[in-house]
Amino acid sequence: MTPKFTLKNIKKSFGHKHVLQGVNLEVFTGESMVIIGGSGTGKSVLLKCLLGLIQVDSGSIKMDGKDILEESLTQHEERLQDIGVVFQGSALFDSLKVWENVAFRLIHAQHMDRKQAKQIALQKLSAVGLSESVAELSPAEISGGMQRRVALARAIATQPHILFFDEPTSGLDPIFSSVINDLIRRSVQDLGATAITITHDMNSARHIGDRIAMLYDGKIVWCGPAHEIDNCDNPYVQQFIHGLPTGPIQLETDIRHVA
Amino acid sequence: MVWALASIGRVFLDFLASTGRLILFFFQSLIQGLKPPYYFRQLFHQFWEIGYLSLPVVGLTALFTGMVLALQSYTGFSRFNAEGAIASVVALSMTRELGPVLAGLMISGRIGAAMAAEIGTMRVTEQIDALATLSTNPQKYLIMPRLLAGIAMLPLLVLVADIVGIFGGYVVSVYRLGFNPASYLKQTFDFVEVGDFTSGLIKAAFFGFIIALMGCYHGFNSKGGAQGVGKATTYAVVSSSILILIANYFLTALLF
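Bear in mind the structure is a predicted one, so any value in this text is a computation, not a measurement.

**Student:** Looking at this structure, how should I read the overall build of chain A?
**Tutor:** The helix and strand inventory of chain A stands at ten helices and ten strands. For a compact globule of 259 residues, the expected C-alpha radius of gyration is about 18 Å, and chain A comes in at 18 Å, within 12% of that figure. In terms of overall dimensions, chain A has a C-alpha envelope of 55 × 45 × 40 Å along the principal axes. Counting across all 259 residues of chain A, residues that qualify as buried make up 42%.

**Student:** Looking at this model, I keep getting lost on the sheet that holds strand β2 (residues 17–28) of chain A. Mind explaining?
**Tutor:** Within a beta sheet, neighbouring strands are joined by backbone hydrogen bonds and run either parallel or antiparallel to one another. All names here are of chain A. The four strands are arranged β2-β1-β4-β5 in an open sheet whose pairing can be described as antiparallel. Each having just a single partner strand, β2 and β5 (66–67) make up the two edges of the open sheet. The sheet contact formed by strand β1 (residues 3–14) and strand β4 (residues 58–63) spans five bridges and is antiparallel. Residue pairing across strands places Phe5 opposite Met63, the latter belonging to β4.

**Student:** Any chance you could explain the nonpolar core here in plain terms?
**Tutor:** A general tendency of soluble globular proteins is for nonpolar side chains to be buried together. Core analysis: the biggest nonpolar cluster contains 134 residues, and A:Ile35, A:Leu46, A:Val102, A:Met214, B:Val90 and B:Leu154 have the highest contact counts within it. Looking at which element gives the most residues to this core, the answer is helix α4 (residues 86–124) of chain B, with 17 residues. Residue contributions to this core reach at least three from each of two domains, namely domain 1 (1–82 + 163–259) and domain 2 (90–159) of chain A.

**Student:** Hey, could you run me through the confidence of the model for chain A in this one?
**Tutor:** Detailed reading of the predicted coordinates is not advisable wherever pLDDT falls low. Residues and elements named next belong to chain A. Model confidence for chain A is summarised by a mean pLDDT of 90, while 96% of its residues fall at 70 or above. The spread of mean pLDDT over the elements of chain A runs between helix α2 (residues 73–80), the lowest at 86, and helix α3 (residues 98–102), the highest at 96. Below a pLDDT of 50 lies the segment residues 254–259, which in the model reaches ten contacts outside its immediate sequence neighbourhood of four places, other chains included.

**Student:** Is there a simple way to think about the sheet that holds strand β8 (residues 194–199) of chain A in this case?
**Tutor:** Residues and elements named next belong to chain A. Taken in spatial order, the six strands of this open sheet run β6-β7-β8-β3-β9-β10, and their pairing is mixed. At either margin of the open sheet sits one strand with a lone partner, and together these are β6 (83–86) and β10 (219–225). This sheet shows a mean twist of 15° between the axes of neighbouring strands, independent of strand direction. Pairing of strand β7 (residues 162–166) with β8, which is carried by five bridges, proceeds in the parallel orientation. Bridge assignment links Leu163 to a residue of β8, and that residue is Ala195. Helix α1 (residues 43–51) contacts β3 (32–36), β6, β7, β8 and β9 (211–216) of the sheet and is inclined by roughly 155° relative to β8.

**Student:** Which parts of the structure should I look at to understand the domain arrangement of chain A?
**Tutor:** All names here are of chain A. The assigned domain composition of chain A is domain 1 (1–82 + 163–259) and domain 2 (90–159). Inter-centroid distance (C-alpha atoms) of domain 1 to domain 2 is 26 Å. Facing the eleven residues of domain 1 at the interface are ten residues of domain 2. Looking at the side of domain 1 that touches domain 2, the element that brings in the most residues is helix α8 (residues 174–191), giving six residues. Considering only residue class, the side of domain 1 that touches domain 2 consists of eight nonpolar, three polar and no charged.

**Student:** Looking at this structure, how should I read the environment of A:Val27?
**Tutor:** Turning to its location among the elements, A:Val27 is positioned in strand β2. If we skip the residues at most four places from it in the chain, A:Val27 touches A:Pro3, A:Lys4, A:Phe5, A:Met33, A:Thr194 and A:Ile196.

The rules behind each value
Residues numbered from 1 in each chain as written. Chains lettered and ligands numbered in written order. Predicted model: local features only at pLDDT ≥ 70, side-chain atom pairs only at ≥ 80, totals over all residues. Helix = DSSP H or I, 4+ residues; strand = E, 2+ residues; numbered from the N terminus. Rg over C-alpha atoms; globule rule 2.2 N^0.38 Å. Buried ≥ 20, exposed ≤ 12 C-beta atoms within 10 Å, placed from the backbone. Pairing = 2+ DSSP bridges. Core = buried A, V, L, I, M, F, W, Y, C linked by C-beta atoms within 7 Å. Domains from an automatic or database assignment. pLDDT = per-residue confidence, 0-100. Contact = placed C-beta atoms within 7 Å. Axes fitted to C-alpha atoms, helices over the stretch in contact; angles between N-to-C directions. Nonpolar A, V, L, I, M, F, W, Y, C, P; charged D, E, K, R; others polar.

Below is the structure:
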């Protein structure tokens with residue numbers, strides 16, 4: 001099987017803080033990869049490196065065999081057209097209505113007529129369980145759980161083949177988390193997309209992922225099928241999934257980089 | 001001694017680096033902004049925000065400045081029987097100097113701060129990253145419309161400030177100081193030339209550019225949550241206010 005993404009020896013530092021220290025990972029076409037790890041281990045930085053929002057210091061990131069670190073700005077923008085992203089805090093545009101958020105790429109990048117774009121936005125909102133009445137509200141007028149659904153609707157509005165999720169269930173209650181997990185799973189399957197999710201929520205990881213990789217100390221310390229994670233003998237994974245205070249994982253106490 | 005020189009050197013190098021980043025930011029925004037697609041809806045929204053919504057602030061500032069100018073000029077000029085020059089002093093001061101500078105400083109506080117806060121909040125809540133992932137260049141979408149609106153709207157606001165300021169001087173001179181309305185107006189129109197207005201409007205366009213650039217630059221590069229946004233807002237207002245005053249001298253010398 002051809003890897004969709006191939007990461008080789010990715011390194012990224014911010015001053016004296018070495019966040020990524022040689023990440024190696026392959027993500028295959030159509031699979032849902034979940035990257036787990038504690039807070040401040042560089043999961044978000046890794047995701048932003050994949051998106052090209054942060055430049056890596058060294059290493060290579062290949063997508064469909066092409067090194068994305070060598071692409072031009074135009075190639076970068078073209079590549080992003082096939083990628084949908086759900087950010088940790090939803091990152092909805094405050095100044096726009098909910099439907100305008102969902103239809104943003106359709107209107108601004110694909111230059112679709114606003115009426116037609118609104119119809120598609122309403123369909124996508126319906127697909128994530130939100131009614132038409134929500135469409136005319138501003139993001140500040142809806143709950144965190146609903147905002148996350150809107151962010152998901154925005155990510156899938158143009159039916160991309162790659163989906164990135166940054167902590168999709170953080171800050172949500174268990175019921176809302178389950179709803180979001182189901183929606184993510186269904187969206188990935190419906191689109192036949194390759195998905196990369198980063199999270200520290202193990203329920204979410206088990207539910208969303210085909211495979212799980214664990215990031216610790218700037219490196220992938222374990223990678224395997226999601227159903228094997230509970231029985232693996234990796235001490236880092238065991239400490240993390242059981243939330244044990246003692247073990248090989250050293251708690252980070254230094255200053256976290258704010259990207 | 002060496003320590004002091006090293007500190008001065010560091011400050012100077014930091015200044016050069018910041019200036020370089022600012023120039024780079026402007027040219028990146030300009031290059032991106034010149035390429036299609038063009039965001040006219042964003043541009044008109046900024047025209048509305050910067051132009052129309054700033055009218056009350058600029059109008060009130062100009063009105064009371066014109067009124068105070070008439071009163072102060074009367075106090076000074078009456079000592080050597082030159083009260084007749086009040087109309088021309090008010091008109092020339094408003095059009096050449098006070099209109100553009102005071103409007104610029106007020107807009108810096110109102111719009112420069114708002115731009116830095118809005119764009120800064122977008123930065124720390126990942127909305128700018130989201131824009132990039134939605135195939136929209138953030139500098140083209142956020143910065144260029146604000147720069148254009150700043151350059152276009154400030155001269156219009158200053159034109160309004162000039163008219164309102166002269167009107168303020170007229171009201172005080174006629175209704176408080178007992179000047180003849182017709183002769184006051186005649187003196188105003190006799191002394192003020194088109195060049196007095198245009199020099200103020202040219203200054204205003206530069207000030208609009210400075211306000212928008214500093215607001216956008218500090219907002220776009222803010223980091224660290226609410227505190228970072230607060231700092232960006234402060235830097236935007238302080239730096240644009242200082243730059244307006246510095247630019248005012250050089251533009252005055254150039255247009256004199």
